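# Per-entry structural report
Chain by chain, the residues:
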Number of protein chains: 2
Amino acid sequence: MALTVGVIGGGQLARMMVPPAVGLGLEIRVLAENEGSSARLAATEVGDYHDAATVLAFARDVDVITFDHEHVPQDVLQALVDAGVSVQPSPSALFVAQDKLVMRERLTELGLPVPDWARLETAADLDAFLADHGGRVVVKTARGGYDGKGVRVVTSSGQVADWFAGLSEGNTGGALLAEELVEFRRELAQSVARRPSGEIVAWPVVESIQRDGVCAEVIAPAPGSAGRIADMAEQIARTVASELGVTGVLAVELFETTDDRVLINELAMRPHNTGHWSIDGSTTSQFEQHLRAVLDLPLGDTGLHDEWSVMVNVLGGPVTGTIADRLPAAMADQPSVKIHDYGKDPRPGRKVGHVTAGGDDLDEVVFRARAAAEFFAG
Amino acid sequence: MALTVGVIGGGQLARMMVPPAVGLGLEIRVLAENEGSSARLAATEVGDYHDAATVLAFARDVDVITFDHEHVPQDVLQALVDAGVSVQPSPSALFVAQDKLVMRERLTELGLPVPDWARLETAADLDAFLADHGGRVVVKTARGGYDGKGVRVVTSSGQVADWFAGLSEGNTGGALLAEELVEFRRELAQSVARRPSGEIVAWPVVESIQRDGVCAEVIAPAPGSAGRIADMAEQIARTVASELGVTGVLAVELFETTDDRVLINELAMRPHNTGHWSIDGSTTSQFEQHLRAVLDLPLGDTGLHDEWSVMVNVLGGPVTGTIADRLPAAMADQPSVKIHDYGKDPRPGRKVGHVTAGGDDLDEVVFRARAAAEFFAG
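Residues numbered from 1 in each chain as written. Chains lettered and ligands numbered in written order. Predicted model: local features only at pLDDT ≥ 70, side-chain atom pairs only at ≥ 80, totals over all residues. Heavy atoms only, no water.

### Examining the interface of chain B and chain A
Contacts between the two partners involve 34 residues from chain B and, on the opposite side, 34 residues from chain A. Taken over both partners, the interface formed by chain B and chain A buries close to 3100 Å², and the fraction arising from carbon and sulfur atoms is 61%. A per-residue breakdown of the area chain B buries against chain A is headed by B:V22, B:L41 and B:M331, which together make up 19% of the total. Residue A:K338 pairs with B:E288 through a salt bridge whose shortest N-O separation is 2.8 Å. Here chain B and chain A share ten residue pairs in polar contact (both at pLDDT 80 or more) between them. Of all the secondary-structure elements, those providing two or more residues to the side of chain B that touches chain A are α1 (12-24), α10 (286-294), α11 (323-333) and β16 (338-341) of chain B. For the side of chain B that touches chain A, the element with the most residues is α1(B), which contributes six residues. Of the residues assigned to the side of chain B that touches chain A, the class counts are 18 nonpolar, nine polar and seven charged. (Contact = heavy atoms within 4.5 Å. Buried area = accessible area lost by both parts, 1.4 Å probe. Salt bridge = Lys/Arg side-chain N within 4 Å of Asp/Glu carboxyl O. Polar contact = N/O pair within 3.5 Å; in protein donor to acceptor, adjacent residues only side chain to side chain. Helix = DSSP H or I, 4+ residues; strand = E, 2+ residues; numbered from the N terminus. Nonpolar A, V, L, I, M, F, W, Y, C, P; charged D, E, K, R; others polar.)

### With respect to the UniProt feature "binding site: ATP" (unreviewed entry) in chain A
Residues and elements named next belong to chain A. In the numbering used here, UniProt assigns the feature "binding site: ATP" (unreviewed entry) to K100, K140, E179, E180, L181, V182, E187, N265 and E266. Mapped onto the fold, K140 is located in strand β6 (residues 137-141). Among all residues touching K140, those that are not within four sequence positions of it are K100, R104, G150, V151, W163, L176, L177, E179, N265 and E266. Among the polar contacts made by the side chain of K140, one reaches the side chain of E179 at a distance of 3.2 Å. In this structure, E179 sits in strand β8 (residues 176-180). For E179, a relative accessible area of 3% gives the class buried. (UniProt positions renumbered as here; feature names shortened; annotations may be inferred. Buried < 20%, exposed > 50% of the residue type's maximum accessible area, 1.4 Å probe, protein only.)

### Structural notes on the sheet that holds β8(A)
Residue and element names in this part refer to chain A. Across the sheet, four strands lie side by side as β5-β8-β6-β7; this open sheet has antiparallel pairing. The open sheet is flanked by β5 (117-120) and β7 (151-154), the only strands paired with a single partner. Taking the axes of each pair of neighbouring strands and ignoring which way they run, one obtains an average angle of 25° across the sheet. Where β5 meets β8, four bridges bridge the pair, whose relative direction is antiparallel. (Pairing = 2+ DSSP bridges. Axes fitted to C-alpha atoms, helices over the stretch in contact; angles between N-to-C directions.)

### What to know about the relation of the copies chain B and chain A
For the pair chain B and chain A, the best superposition has an RMSD of 0.0 Å and corresponds to a rotation of 180° with a translation of 0.0 Å parallel to the axis. Look at the turn and shift together and you get a two-fold axis relating the two. Closest approach to the rotation axis among the C-alpha atoms of chain B is made by B:P19, whose C-alpha sits 2.1 Å away. Counting the interface residues of chain B, we find that 100% of their copies in chain A are interface residues as well, pointing to one common contact surface. (Least-squares fit on C-alpha atoms with pLDDT ≥ 70 in both.)

### Things to note about the pairing of strand β15 (residues 308-315) of chain B
Residue and element names in this part refer to chain B. With seven of its eight residues buried, β15 lies for the most part within the structure. The pairing of strand β12 (residues 214-220) with β15 spans four bridges and is antiparallel. Its bridge partner lying in β15, I219 is registered against V310. Two strands pair when backbone bridges link them, and β15 and strand β17 (residues 351-359) are joined in this way by eight bridges, in the antiparallel orientation. By the bridge assignment, V312 is partnered in β17 with V355.

### So, the nonpolar core
Residues A:V355 and B:V355 are the most contacted members of the largest nonpolar core, which totals 88 residues. In this structure B:V355 touches B:V310, B:M311, B:V312, B:V314, B:V337, B:K338, B:I339, B:A369, B:A372, B:A373 and B:F376, once residues within four positions along its chain are discounted. (Core = buried A, V, L, I, M, F, W, Y, C linked by side-chain atoms within 4.5 Å.)

### Structural notes on the environment of B:I65
All names here are of chain B. With respect to the helices and strands, the residue I65 is situated in strand β4 (residues 64-67). On the basis of relative accessibility, which here comes to 0%, the residue I65 falls in the buried class. For the pair I65 and G10, spaced 55 residues apart in sequence, the C-alpha to C-alpha distance is 13 Å.

### Observations regarding the side chain of A:S208
Residue and element names in this part refer to chain A. Mapped onto the secondary structure, S208 falls in strand β11 (residues 206-211). A polar side-chain atom of S208 sits 2.5 Å from a polar atom in the side chain of Q210. When residues no more than four places from it in sequence are discounted, the contact partners of S208 are E187, L188, C215, E217, V218 and T274.

### Comments concerning helix α6 (residues 123-132) of chain A
All names here are of chain A. Among the residues of α6, L126, F129 and L130 are the ones counted as buried. One face of α6 carries all of its buried residues, which in axial projection span an arc of 105°. Facing away from the buried side of α6 by over 90 degrees, the exposed positions are A124, A131 and D132. Contacts from the buried residues of α6 go to β5, β6, β7, α7 (161-166) and β8. At the exit of α6 stands G134, carrying a positive phi of roughly 75°. (Arc of directions from axis to C-beta.)

### What to know about the packing of aromatic side chains
Each pair of aromatic rings is reported with the distance of its centres and the angle of its planes. Residue and element names in this part refer to chain A. In this structure the tally under the stated criterion is two aromatic pairs over all chains. Ring geometry for F184 versus F255: centroids 4.7 Å apart, planes at 25°, classification stacked. Here F255 lies in strand β13 (residues 248-257) and F184 lies in strand β9 (residues 184-194), a separation of 71 residues in the sequence. For F184, a relative accessible area of 35% translates into the label partly exposed. Using a relative accessible area of 9% as the deciding quantity, one classes F255 as buried. Its end group placed over the ring of W163, R152 keeps NZ or CZ at 4.1 Å from the ring centre. (Phe/Tyr/Trp six-rings, centres within 6.5 Å; stacked < 30°, edge-to-face > 60°. Lys NZ or Arg CZ within 6 Å of the ring centre and 35° of its normal.)

### Some details on the sheet that holds strand β7 (residues 151-154) of chain B
Strands in a sheet are paired, the pairing made by backbone hydrogen bonds, and the direction either parallel or antiparallel. Residue and element names in this part refer to chain B. The four strands lie next to each other as β5-β8-β6-β7, forming an open sheet whose pairing is antiparallel. One side of each edge strand has no neighbouring strand; the edge strands of this open sheet are β5 (117-120) and β7. The sheet shows a mean angle of 25° between the axes of neighbouring strands, direction not considered.

### Considerations on a negative patch on the surface
All names here are of chain A. A contiguous patch of negative charge on the surface is contributed by E307, D360, D361 and D363. Of note, D361 is situated in the loop between β17 (351-359) and α12 (362-374). Assessed through its relative accessible area of 43%, D361 is described here as partly exposed. (Patch = residues over 30% accessible without salt bridge, like charges linked within 9 Å, V, L, I, M, F, W, Y side chains within 5 Å. Areas by Shrake-Rupley, 256 points an atom, 1.4 Å probe, with all protein chains shown as cover. Lys, Arg positive; Asp, Glu negative; His and termini not counted. Charge placed at Lys NZ, Arg CZ, Asp CG, Glu CD.)

### Comments concerning the pattern of salt bridges
All names here are of chain A. For the structure shown, the criterion picks out 47 salt bridges over all chains. Close ionic contact of R211 with E217 constitutes a salt bridge, the shortest N to O distance being 3.4 Å. On the accessibility criterion, R211 (47% relative accessible area) is partly exposed. Salt bridges here are not isolated pairs; linked through shared partners, they connect K100, R104, K140, E179 and E266.

Here it is, written out as structure tokens:
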């Protein structure tokens, strides 16, 4: 019998698990939110992942349940565990990824480097934190944020009055998170994969270039990162993975500070945008590795095909028509660039695809990747 | 709207078109022979490709029809063309691939290098050919042969008496094909892809190591083939593709003779076993390239990730259990090798998967690929 992986969530991360599943002879089934999901080819069911009965029915006969996102409620996750289903990553690991306050608390307990932070239950808490941190700080909702949503830079507590007012509703957690505004040189991301039996492998640390709070480009490996920075990044991610018991791919978003420290910004317990380059740039992609890891199969080599791999997101997509309409021009202009279309309708700011280029001259690789991505904009 | 490709036939070649279709945002639909086909994930219909009505219904709303094999009857192909469907490769190109006598006639007309051959309608024809070629020749059925089936080395016409007797039934064509027994140093294969609008790209010529008439290993590029041999192989394949109007991938199996000639052995107008290395070893795999070519999209770069790429077939598969059972040991032993499982039941001699290794030291790459494949045998 083929090993069977059930993925909750039908977004592009589930979609990009399909090719390596086909390659390795794994059966992949997706519980999608709607009929036209990005992962529709593998969607065996459409339903609500908040509903335990739906998820339990979907999970029947799979060897493991894993995820396209971290939003499955803890009671649903626990129902799966109670039914004897292998859930990877585990509910207790996911609990830390689901709530930014819990994450900060656990990382601080582990002695890992994080920005100064505070739990905010009232405007007075924020006023105090502002006073201690130069009058300008970051406030985040503990839950429900992604891609820059749920994050504001503020100079007074009135700027998040709506969030304080909403705390009683509980959708975003019982408190807010305040963080110092880190002076950083650039953002890095470190991905590792961990098996339930403990093996961990790392890809090289990458540089992530954000625009409006959304990942726009990734350079692998991060330029000039050999040595101390790379070692710190890998050590942080290995510690997070093993101490939190993460299984599958873990991505750690990092700040490289102007005073040469590395601080943890966010965690993602799944394949991550900053690892998409690995599909075309590494011997083992993050999607194949995630499948291997959650099935507790030995992990693959993470070497690079070329010295550099550069990924550029296609954000929003074409203003008129579809990515498919632009393929002829993009392919003719950039025959070496790998184009990825997530099969989603274009919409401003939406991640609808990415392109990856590889080679040994970074400037030239960046040029090719950007040139290809440009065909899918405007 | 997504570009939609319909593939007739649900074997491993259709299966391996699925990952690049997902990557490029193409919709892929497969008309499979049975429920449990290798390409079942993309099978939207199960039916008989000999039946025009079945195939016409399947082809509704696709942008192009292409193939997992060359066995679709000409009347069915013609019905598709008459209905306005884009059929790639065209029926007239496929006609040459479907019948070895037609193939030999056309290649000879084009002045391309082929072994001496003759059309055999009677035993006397074979006796004459034997007399002229040292008393030992190859006889092939014109139709229906593959992977060593339909091929015999004979020293007397009695050894193919059954085939002569069967000619009246017409399943294998109206005559047999005799060929001189070529003294060859090794077998090569040259793949190219051609778009309807004419663009052709080539991968490097590869060495194909056969066992019992079946491809066992492929080394890309063929060792020591730079220069004259590579140029001849590529020129032959380009000529075949353009003169026969082939679209999609064309694989030309070649003999490198002991007197330094290159002769055409067989043609395949589809992705071919000798090109599987390209999934992991080339910037553009033969499966992605085939999809691009049949859709008349610009073709991708065919450079190699490493100096060498070596593919070893998994023939037959495990005697007990499945490939999945052997994954842990194989992956642990060879973390850099890419394992491909076609999702087929093991059966003696059946192609059930392959492995590919890459690197810059050929001996070491061959060792790793064979070591990984060994886990799936016995």
